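Notes for the structure review
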Amino acid sequence: MKHFDYVQPKTMDEALASWEPGAAWLGGGTNLVDLMKLGVAQPQRVIDLTRIPDLGEITFQQDGSVRIGAMVSNAALARHAGFAQHFPMVAEALLSGASGQLRNMATVAGNLMQRTRCAYFQEETAACNRRNPGAGCDARDSDEELRALLGASPACVATNPSDFCVPLAALEAQVEVRGVNGTRQIPFAEFHLLPGDHPERETGLEEGELIVALHLSAEAAGFAGHARYLKVRDRTSFAFATTAAAAALRMEDGIIVAGRLALGAVAARPWRVAEAEALLVGQAPDEALFARVAEAAMAGAEAPAHLEWKIDLARRTAARALAMAAAGTPAQMPALPASPFGQQNGDLAHV
Amino acid sequence: MSLFISLTLNGEARDVSIDDPRVTLLDLLRERLALPGTKKGCDRGQCGACTVLVNGQRANACLMLAAGLDGAEITTIEGLARGGDLHPVQAAFIEHDGFQCGYCTPGQIMSAVGLIAEGDAGSDPERIREGMSGNICRCGAYHGITLAVQEASRRMAAKEEGDAA
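Reading guide: rules and limits
- Residues numbered from 1 in each chain as written.
- Chains lettered and ligands numbered in written order.
- Predicted model: local features only at pLDDT ≥ 70, side-chain atom pairs only at ≥ 80, totals over all residues.
- Helix = DSSP H or I, 4+ residues; strand = E, 2+ residues; numbered from the N terminus.
- Rg over C-alpha atoms; globule rule 2.2 N^0.38 Å.
- Buried ≥ 20, exposed ≤ 12 C-beta atoms within 10 Å, placed from the backbone.
- Contact = placed C-beta atoms within 7 Å.
- Pairing = 2+ DSSP bridges.
- Nonpolar A, V, L, I, M, F, W, Y, C, P; charged D, E, K, R; others polar.
- Expected span 1.5 Å × (residues − 1).
- Axes fitted to C-alpha atoms, helices over the stretch in contact; angles between N-to-C directions.

The next thing to look at is the overall build of chain B. Secondary structure summary: chain B contains five helices and five strands in total. Scanning chain B from its N terminus toward the C terminus, one meets helices and strands in the order β-β-α-β-β-β-α-α-α-α. Taking 2.2 N^0.38 as the reference for a compact globule, 165 residues should give roughly 15 Å; the C-alpha atoms of chain B span a radius of gyration of 16 Å, in line with that estimate. With the C-alpha coordinates of chain B rotated into their principal frame, the extents come out at 50 × 40 × 30 Å. The buried share of chain B, taken over its 165 residues, is 45%. Of the contacts formed within chain B by residues at least 6 apart in sequence, a portion of 60% connects residues at least 24 apart.

Here is the structure:
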């Protein structure tokens with residue numbers, strides 16, 4: 001690990017004043033410290049945000065919206081009874097990610113800021129435009145499975161690895177950020193950037209800005225009765241998604257009146273397609289409908305010949321997540337959150 | 001540059017000077033505080049061998065910068081037993097053969113103590129396996145580990161009920 005200067009500000013103003021180009025904000029450290037060991041991240045200064053008051057609060061507002069402080073841990077958010085009740089698919093996504101230890105450490109803001117798990121990004125000797133602009137992309141012609149099917153560019157095929165971000169995109173969260181020039185809100189859809197010619201620009205944060213909180217609206221809580229996250233992965237637990245989907249429906253008298261669908265692990269940000277969601281409105285839940293919606297959500301997907309299966313898998317994942325959402329949010333968090341092998345509707349879905 | 005932190009380490013107050021901000025909690029415990037029970041496996045948060053409790057919650061010591069831990073309460077495998085009495089999780093691991101080579105065992109036990117305190121798994125084997133997925137056992141002692149966590153979880157719940165009565 002390269003040497004760095006460590007500071008632990010006690011106030012937000014002190015933190016913002018500590019910033020210098022080449023510095024890094026530190027939350028739980030589960031991604032940053034790992035990348036520093038690998039030499040992929042080499043900050044000159046590490047600014048530890050964990051001692052700043054008020055960043056660790058979960059606050060329900062009068063209007064039914066919730067404000068989640070940047071330094072709330074993934075575990076604390078997923079286990080917060082009120083939160084899990086209003087935003088069950090967010091809790092399910094959080095509990096399907098990483099391990100018990102990592103969820104205790106990892107923060108809300110750090111989850112949004114986590115870097116791609118593309119093997120070529122993490123390997124210092126490989127060419128990677130995201131890590132080293134202009135170096136080229138060794139992942140493009142590789143057998144890397146964590147590869148974008150949508151929104152990729154000649155410069156970069158990396159995916160966003162987060163589970164948490166997928167339902168946040170579906171529920172149109174707002175990201176509250178702060179810099180020396182004040183506070184502003186970034187809509188979730190604009191927070192993570194597609195690679196284009198500049199894959200090194202990963203988020204909408206300006207130099208020296210940091211995430212203060214996340215906001216979910218009361219309207220988003222209106223999906224709580226029919227909301228699921230489904231994650232297909234190489235192992236039953238503690239693995240990044242191969243494909244994932246967050247599906248949420250509002251139902252009245254057996255008819256879908258509003259639908260949200262975001263796909264994970266298929267692009268550099270959670271993938272949402274308004275035309276696909278529009279197909280749900282006014283319809284009764286039905287397998288053929290969900291297949292059409294999934295098809296529309298994956299429109300334009302591209303993969304090299306050896307990864308064509310992943311397009312099909314992503315469609316099936318989306319259709320099944322919609323069917324699970326239509327069946328209703330389970331009363332208790334499944335033993336295997338977000339798993340295709342978990343208990344669904346009372347029956348075990350696997351042998 | 002020296003950084004000073006105060007820790008409560010296995011119940012004992014300790015003032016520690018850290019000469020380099022790169023030192024992780026894992027290296028601090030093993031190399032500087034003579035507590036080698038916490039193991040280094042992958043050093044990347046993937047294997048769980050370094051699991052300790054930080055303020056009562058299980059965490060990967062390999063990914064924590066020690067400099068950030070001023071005021072923290074740390075419990076390692078060395079701090080679990082009370083005199084000659086093993087912690088119920090330690091005892092259950094022995095009874096159920098929850099290990100073979102033993103290298104992952106301190107991390108498994110600390111993770112199980114954390115999991116039981118979290119209260120989500122109870123004695124449900126599926127929830128225990130899911131909750132313990134951050135701890136790898138390359139000998140494959142998972143069956144015994146699951147039985148041990150179930151047993152310890154039941155005994156600790158029974159004792160709590162007994163104490164409350």
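Having put the structure on the table, let's press on.
Here the focus is the pairing of strand E4 (residues 57–60) of chain B. Two faces make up the sheet, and in a regular strand the side chains alternate between them. Residues and elements named next belong to chain B. Here strand E3 (residues 51–54) pairs with E4 via four bridges, running antiparallel. Counterpart to Val-54 in the pairing with E4 is Gln-57. Counted between consecutive antiparallel strands, the loop separating E3 from E4 contains two residues, among which Asn-55 sits at a positive phi close to 50 degrees.

Each partner contributes residues to the interface: chain A has 22 residues there, and chain B has 27 residues. Among the secondary structure elements, those contributing two or more residues to the side of chain A that touches chain B are helix H2 (32–38) and helix H6 (100–105) of chain A. Among the elements that make up the side of chain A that touches chain B, the one with the highest residue count is H6(A) (five residues). Here the side of chain A that touches chain B is built from residues that sort into nine nonpolar, ten polar and three charged.

If you check helix H3 (residues 105–118) of chain B, its first and last C-alpha atoms are 20 Å apart, about what 14 residues at 1.5 Å a residue would give, namely 20 Å. A large share of H3(B) lies buried, amounting to twelve of its 14 residues. Among the residues making up H3(B), those that are buried are Thr105(B), Pro106(B), Gly107(B), Gln108(B), Ile109(B), Met110(B), Ser111(B), Ala112(B), Val113(B), Gly114(B), Leu115(B) and Ile116(B). Looking at the buried residues of H3(B), the elements they touch are H6 of chain A together with E3, E4, helix H2 (88–95), helix H4 (125–131) and helix H5 (142–164) of chain B. One or two positions beyond H3(B), positive phi appears at Gly119(B), with a value near 80 degrees.

The next thing to look at is the pairing of strand E5 (residues 66–69) of chain A. Residues and elements named next belong to chain A. As paired elements, strand E4 (residues 58–60) and E5 share three bridges and run antiparallel to each other. Paired with Phe-60 across the strands is Val-66, a residue of E5. Here E4 folds back onto E5, and the loop between the two strands holds five residues, one of which, Gly-64, carries a positive phi near 90 degrees. When E5 meets strand E8 (residues 210–216), the two strands line up antiparallel, connected through four bridges. Counterpart to Gly-69 in the pairing with E8 is Ala-213.

Residue and element names in this part refer to chain B. Strand order across the open sheet formed by five strands is E2-E1-E5-E3-E4, with mixed pairing between neighbours. At either end of the open sheet lies a strand with only one pairing partner, and these are strand E2 (12–18) and E4. Across the sheet, the mean angle from the axis of one strand to that of its neighbour is 40 degrees, orientation sign disregarded. Pairing between strand E1 (residues 3–9) and strand E5 (residues 73–75): two bridges, direction parallel. Counted as the bridge partner of Leu-9 is Ile-74 from E5. Packing against the sheet, H3 makes contact with E3 and E4, and its axis sits at approximately 35 degrees to E3.

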